[in-house]
Amino acid sequence: MRTLSGLSSIEIEIKRSRFIAHASRIDALPETLAFFEVVADPAATHNCWAWKLDHQYRFNDDGEPASTAGRPILSTIEGKGLDHVMVIVTRHFGGIKLGVGGLIRAYSAAAARCIDQAVLAEVIPECECSIEAGFGWTGQVYAALESCRAEKIEETYADGGIRIRARVPKPQFTALCSVLRDATRGEARVRKCP
């Protein structure tokens, strides 16, 4: 999955209307609202936006005719194969109506140019898991986490041993289960967290 590694902004003019586009990586739903609040211009005629986050997506035309702004922005995000991305295009009306086709082309162009100038990054999907093992297997559990590029989130101790909550790249989850099974002689218990 590809996403943006930071903020990108551009400004273009089409028939005296100014289109200012901002694009950013988002990793959670609250970030969409926070990004909108930072870059939207209340004095502008329209602040249209779209975002894609995993299997969720939303778009808004902000007063432009239906599907002439937000949908083209979302189509641009999807067409470039991006995820975890939000694009906001602000329009300052210049006095000349662009028509439905003109609006679609203008919002698409602004979003595409903004994304094109951004620095892209590859994102590996992750999942969280819980690992339980006796105290005698602590070193083997740590080694397995490291070998599978897992990140320890939380570690707690109980009478019978340790419990670790970890974040692991999805493609490595099966390998982690296998390594832990082999290293602990089947005594470690691993399960995906919801």
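Everything that follows concerns the structure shown earlier in this document.
Residues numbered from 1 in each chain as written. Predicted model: local features only at pLDDT ≥ 70, side-chain atom pairs only at ≥ 80, totals over all residues. Heavy atoms only, no water.

Moving on, we get to the overall build of the protein. When helices and strands are tallied, the protein shows five helices and eleven strands. Here the protein has a C-alpha radius of gyration of 23 Å; the compact-globule value for 194 residues is 16 Å, and the former is much larger. By the burial criterion, 44% of the 194 residues in the protein qualify as buried. Considering only residue pairs separated by 6 or more positions, the protein has 67% of its internal contacts joining residues 24 or more positions apart. When the accessible surface of the protein is summed, it comes to about 10,300 Å², and 51% of that surface belongs to carbon and sulfur atoms. A gap of 6 Å separates the mean positions of the 24 positive and 24 negative side-chain charges of the protein. (Helix = DSSP H or I, 4+ residues; strand = E, 2+ residues; numbered from the N terminus. Rg over C-alpha atoms; globule rule 2.2 N^0.38 Å. Buried < 20%, exposed > 50% of the residue type's maximum accessible area, 1.4 Å probe, protein only. Contact = heavy atoms within 4.5 Å. Areas by Shrake-Rupley, 256 points an atom, 1.4 Å probe, with all protein chains shown as cover. Lys, Arg positive; Asp, Glu negative; His and termini not counted. Charge placed at Lys NZ, Arg CZ, Asp CG, Glu CD.)

Right, let's talk about the pattern of salt bridges for a bit. In total, this model carries 13 salt bridges according to the counting rule given. Salt-bridge contacts for glutamate 132 lead to arginine 189; the nearest nitrogen and oxygen are separated by 3.1 Å. Linking glutamate 132 in strand S8 (residues 126-133) with arginine 189 in strand S11 (residues 189-192), this pair joins segments that are 57 residues apart in sequence. With relative accessibility at 52%, the residue arginine 189 sits in the exposed group. The structure contains a network of salt bridges with shared partners spanning Glu126, Glu128, Glu151, Arg165 and Arg167. (Salt bridge = Lys/Arg side-chain N within 4 Å of Asp/Glu carboxyl O.)

As defined by bridge partners, S8 adjoins strand S10 (residues 161-169) across eight bridges and the pair is classed as antiparallel. Bridge pairing in S10 links serine 130 to arginine 165. As paired elements, strand S9 (residues 151-158) and S10 share seven bridges and run antiparallel to each other. Each bridged residue has a counterpart across the sheet, and for alanine 158 the counterpart in S10 is glycine 161. As consecutive antiparallel partners, S9 and S10 are separated by two residues. (Pairing = 2+ DSSP bridges.)

Turning next to the layout of surface pockets. As a volume, the largest pocket reaches approximately 350 Å³. Around the largest pocket sit 15 residues that line it, and His84, Val123, Ile124, Pro125 and Glu126 are the ones nearest its centre. Here the element with the most residues in the lining of the largest pocket is S8; it accounts for three residues. Class assignment of the residues belonging to the lining of the largest pocket gives a composition of five nonpolar, two polar and eight charged. (1 Å grid on protein atoms, 1.4 Å probe; cavity = no way out; pocket = protein on both sides within 12 Å on 5 of 7 lines; lining within 4 Å. Points joined across faces, edges and corners; volume = space filled by probe spheres on them. Nonpolar A, V, L, I, M, F, W, Y, C, P; charged D, E, K, R; others polar.)

This brings us to the packing of helix H4 (residues 138-147) against helix H5 (residues 173-183). With their axes 9 Å apart at the nearest point, H4 and H5 run at an angle of 155° to one another. As far as their axial angle goes, H5 and H4 are roughly antiparallel. Crossing of H4 over H5 shows right-handed handedness. Only Leu176, Val179, Leu180 and Ala183 of H5 make contact with H4, whose side of the interface consists of Gln140, Val141, Ala144, Leu145 and Ser147. Its residues assigned to classes, the contact of H4 with H5 shows seven nonpolar, two polar and no charged. (Axes fitted to C-alpha atoms, helices over the stretch in contact; angles between N-to-C directions. Parallel < 35°, antiparallel > 145°, perpendicular 65-115°, else oblique. Left-handed = near helix turned anticlockwise from the far one by under 90°.)

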